[in-house]
Amino acid sequence: MSRVVRDALAIAVQVGQPVLLWGNPGEGKSKMIEQVAAQLGRPCEVVVGSVREASDFAGLPVRVGDSVSFAPPRWALRCVERPDTVVFLDELTTAQPSVQAAMLRVVLEREVGDLALPPSVAFVAAANPPEASAGGDDLAPPLANRFCHLDWEAETAHWVSGLLHGWEPPRVPVVPTARA
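Residues numbered from 1 in each chain as written. Predicted model: local features only at pLDDT ≥ 70, side-chain atom pairs only at ≥ 80, totals over all residues. Heavy atoms only, no water.

### Structural notes on the nonpolar core
One finds Phe 57, Trp 75, Leu 89 and Leu 92 to be the most contacted residues of the largest nonpolar core, which totals 27 residues. For this core, the secondary-structure elements that each account for two or more residues are β1 (19-22), α4 (74-81), β5 (86-90), α5 (97-109), β8 (122-127) and α6 (141-144). Here this core takes 5 residues from α5, the largest share from any one element. Those residues in contact with Trp 75 that sit more than four places away from it in its chain are Glu 45, Val 47, Arg 52, Asp 56, Phe 57, Val 87, Val 106 and Val 112. If you look at the next biggest cluster of nonpolar residues, it comprises 20 residues, including Leu 9, Val 19, Val 36 and Val 86. (Core = buried A, V, L, I, M, F, W, Y, C linked by side-chain atoms within 4.5 Å. Buried < 20%, exposed > 50% of the residue type's maximum accessible area, 1.4 Å probe, protein only. Helix = DSSP H or I, 4+ residues; strand = E, 2+ residues; numbered from the N terminus. Contact = heavy atoms within 4.5 Å.)

Take a look at the structure:
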């Protein structure tokens with residue numbers, strides 16, 4: 001089961017489909033997401049919702065002459081520098097409602113403040129079910145609707161093998177690029 005989820009995640013990243021990985025705490029969701037990004041040769045920008053403010057997604061208001069602009073945070077600027085970045089929104093259900101609301105525009109329109117992110121930036125989120133989460137709630141429906149939802153469950157045999165022989169991740173599928 002976890003191989004199918006890993007493959008689906010890799011494909012979603014490559015085609016630009018925002019994806020949300022659900023699973024219990026401590027089952028390796030974060031590590032797996034970082035491994036998939038690395039295997040695809042993409043940087044992974046980890047943004048933890050529970051320690052962020054709405055301005056980390058909506059932009060910080062800055063007066064410019066007679067108007068106000070919304071300056072993006074550094075994580076968003078790094079995405080412009082590396083347009084193949086995987087933005088990993090970790091612990092999504094622990095983010096405050098105002099932060100979740102600010103994420104709506106980022107995930108749907110790829111805009112952070114007044115900065116447009118490249119279309120090749122991928123969004124992946126991870127969350128624990130509310131009943132297994134430390135201070136987590138249900139995900140707001142408007143934000144939930146922006147993601148493809150995948151259920152992650154660690155496989156005991158893979159975990160034991162990793163302990164005994166190392167954690168070599170299985171290869172992920174690569175989506176062919178269109179040729180001109």
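Right, picking up where we left off after that structure.
### Focus: α4
Taken as a whole, α4 has its buried residues at Trp 75, Ala 76 and Cys 79. Buried positions in α4, seen along its axis, are confined to an arc of 100 degrees and lie on one side of it. Turning to α4, the residues buried within the fold contact β2 (44-48), α3 (55-58), β5, α5, β6 (111-112) and β7 (115-116). (Arc of directions from axis to C-beta.)

### Regarding the sheet that holds β5
In space, the 5 strands of this open sheet follow the order β2-β5-β8-β1-β9, with parallel pairing throughout. Looking along the sheet, the strands with just one partner apiece sit at the ends: β2 and β9 (148-151). Here the strands of the sheet are splayed against their neighbours by 20 degrees on average, with no regard to which way each runs. In this structure, β1 lies alongside β9, joined through 4 bridges in parallel fashion. Along β9, the bridge assignment pairs Trp 22 with Asp 151. (Pairing = 2+ DSSP bridges. Axes fitted to C-alpha atoms, helices over the stretch in contact; angles between N-to-C directions.)

### What to know about the pattern of salt bridges
Enumeration over the complete set of coordinates arrives at 7 salt bridges. Salt-bridge contacts for Glu 45 lead to Arg 78; the nearest nitrogen and oxygen are separated by 2.6 Å. Within this pair, whereas Glu 45 is found in strand β2, its partner Arg 78 is found in helix α4, the two being separated by 33 residues in sequence. Overall, the relative accessible area of 13% leaves Glu 45 in the buried class. According to the relative accessible area criterion, Arg 78 is partly exposed, its value standing at 32%. The salt bridge involving Arg 105 is made with Glu 111; its shortest N-O contact spans 2.0 Å. For Arg 105, a relative accessible area of 35% corresponds to the partly exposed category. (Salt bridge = Lys/Arg side-chain N within 4 Å of Asp/Glu carboxyl O.)

### A few points about unusual backbone geometry
Backbone geometry places Glu 91, a non-glycine residue, at a positive phi of 55 degrees. Within the secondary structure, Glu 91 sits in the loop between β5 and α5.

### Quick word on the packing of helix α1 (residues 2-15) against helix α2 (residues 29-39)
Running from N to C, α1 and α2 cross one another at 50 degrees; their axes reach a closest spacing of 10 Å. With respect to α2, the axis of α1 lies oblique. Relative to α2, the crossing made by α1 is right-handed. Contact residues: α1 offers Arg 6, Leu 9 and Ala 10, while α2 offers Met 32, Ile 33, Gln 35, Val 36 and Gln 39. Considering only residue class, the contact of α1 with α2 consists of 5 nonpolar, 2 polar and 1 charged. (Parallel < 35°, antiparallel > 145°, perpendicular 65-115°, else oblique. Left-handed = near helix turned anticlockwise from the far one by under 90°. Nonpolar A, V, L, I, M, F, W, Y, C, P; charged D, E, K, R; others polar.)

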